[in-house]
Amino acid sequence: MPVLLALALSVAAQVPAPVDAPKAKPSVELPESRFALNFTPLTLIAASLWVEGDLHLARGVSTFVNVGGGFLRQFGWDAGLRYYTSGAHLVGFYIDLRYSGFALPEFALWMHGPGVQLGYSWKLKGFSLAVAAGITTFFQLNRGDPNATFLGQAPIESDFLVLAGVGRPGGDHRLVMPPLRVAIGPWF
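An account of the accompanying structure is given in this report. Model, not experiment: these values are computed from the prediction. (Residues numbered from 1 in each chain as written. Predicted model: local features only at pLDDT ≥ 70, side-chain atom pairs only at ≥ 80, totals over all residues. Heavy atoms only, no water.)

Some words on the overall build of the protein
- Per the secondary structure count, the protein includes one helix and 11 strands.
- Scanning the protein from its N terminus toward the C terminus, one meets helices and strands in the order α-β-β-β-β-β-β-β-β-β-β-β.
- Split into buried and exposed, the 188 residues of the protein put 37% on the buried side.
- Considering only intrachain contacts with a sequence separation of at least 6, the fraction spanning at least 24 residues in the protein is 51%.
- Put simply, the protein shows about 11200 Å² of open surface, and 71% of that area lies on carbon and sulfur atoms. (Helix = DSSP H or I, 4+ residues; strand = E, 2+ residues; numbered from the N terminus. Buried < 20%, exposed > 50% of the residue type's maximum accessible area, 1.4 Å probe, protein only. Contact = heavy atoms within 4.5 Å. Areas by Shrake-Rupley, 256 points an atom, 1.4 Å probe, with all protein chains shown as cover.)

If you want it as structure tokens, here you go:
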């Protein structure tokens, strides 16, 4: 028996003492947000500036409006509802249903139509960041002046486009555009 006790003590002496793990910092719960004011930097590619207001209505549902215009005399807007699957405003996966418009007022070219986007949003201390992709279907409201130009070219009639204004719907059908959304801004 004394031999077993001596053996146990020698093995115990060889096992290193446990190192205290660093204490985890307590997570800080961010307060509920009611409103976000977003800037969408991808619109700078189209030489325009867009600003979005996102108002939280109830349990992960918000309404939003964004407007923008540019140096090429274009104007556009979106408005709709956004649903965050987490139930919290500006947190996690979301889907939004929107109605969009685009115009070259100088040439009386107006397009409008419905869209949908799927995205993800992060609410950080003081600001939020969101990314999304979707699809918008534009219908022609007014064909505009046949001499209309955008980026030095007449808009082409097309069924698919990447940049509004470069194309326009044909006389009797719609035009599909795959918009990307990156939004960043403060929340309140």
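Notes on a nonpolar patch on the surface
- A surface patch of nonpolar side chains, amounting to about 790 Å² of accessible area, comprises F35, L37, L44, L49, V51, L55, L57, L81 and F188.
- Those elements giving two or more residues to the nonpolar patch turn out to be strand 1 (35-39) and strand 2 (48-58).
- For the nonpolar patch, the element with the most residues is strand 2, which contributes four residues.
- Here V51 is to be found in strand 2. (Patch = residues over 30% accessible without salt bridge, like charges linked within 9 Å, V, L, I, M, F, W, Y side chains within 5 Å. Salt bridge = Lys/Arg side-chain N within 4 Å of Asp/Glu carboxyl O.)

Points about the pattern of salt bridges
- All told, the structure shown has six salt bridges when counted by the stated rule.
- Residue R82 is joined to E52 by a salt bridge in which the shortest nitrogen-to-oxygen separation is 3.3 Å. You can see R82 sitting in strand 4 (residues 75-84) and its partner E52 sitting in strand 2, a full 30 residues away along the chain. Of the two residues, R82 and E52, neither departs from the other in class, the shared state being buried.
- A salt bridge links R82 to D96; the nearest nitrogen and oxygen atoms lie 3.1 Å apart.

Some details on the packing of aromatic side chains
- Applying the stated rule across the entire model yields four aromatic pairs.
- With a centroid separation of 5.5 Å and an interplanar angle of 55°, the aromatic rings of Y84 and Y94 are classed as tilted. Residue Y84 is found in strand 4, and its partner Y94 is found in strand 5 (residues 92-104); the two are separated by 10 residues along the sequence.
- Look at Y94 and you get buried, because its relative accessible area is 3%.
- Cation over ring: K123 sits above W187, and NZ or CZ is 4.7 Å from the ring centre. (Phe/Tyr/Trp six-rings, centres within 6.5 Å; stacked < 30°, edge-to-face > 60°. Lys NZ or Arg CZ within 6 Å of the ring centre and 35° of its normal.)

Remarks on the side chain of S128
- Residue placement: S128 occurs in strand 7 (residues 127-142).
- Using a relative accessible area of 2% as the deciding quantity, one classes S128 as buried.
- Setting aside residues up to four positions removed in sequence, S128 forms contacts with N38, L90, W122, K123, A183, I184, G185 and W187.

A closer look at the side chain of R181
- Secondary-structure assignment places R181 in strand 11 (residues 180-186).
- What R181 contacts, discounting residues up to four positions off in sequence, is N38, E52, R82, Y94, R98, Q117, A130, V131 and A132.

Quick word on the pairing of strand 4
- Only one face of strand 4 is buried, namely the one carrying G76, D78, G80, R82 and Y84, since none of F75, W77, A79, L81 and Y83 on the opposite face is buried.
- Looking at chain direction, strand 3 (residues 61-70) and strand 4 are connected through nine bridges and run antiparallel. What sits directly across from S62, in strand 4, is R82.
- Between the antiparallel neighbours strand 3 and strand 4 lie four residues, among them R73 with a positive phi of about 65°.
- As defined by bridge partners, strand 4 adjoins strand 5 across 10 bridges and the pair is classed as antiparallel. Looking across to strand 5, one finds that A79 is bridged to Y99. (Pairing = 2+ DSSP bridges.)

Function-wise, these values are silent; they only describe arrangement.
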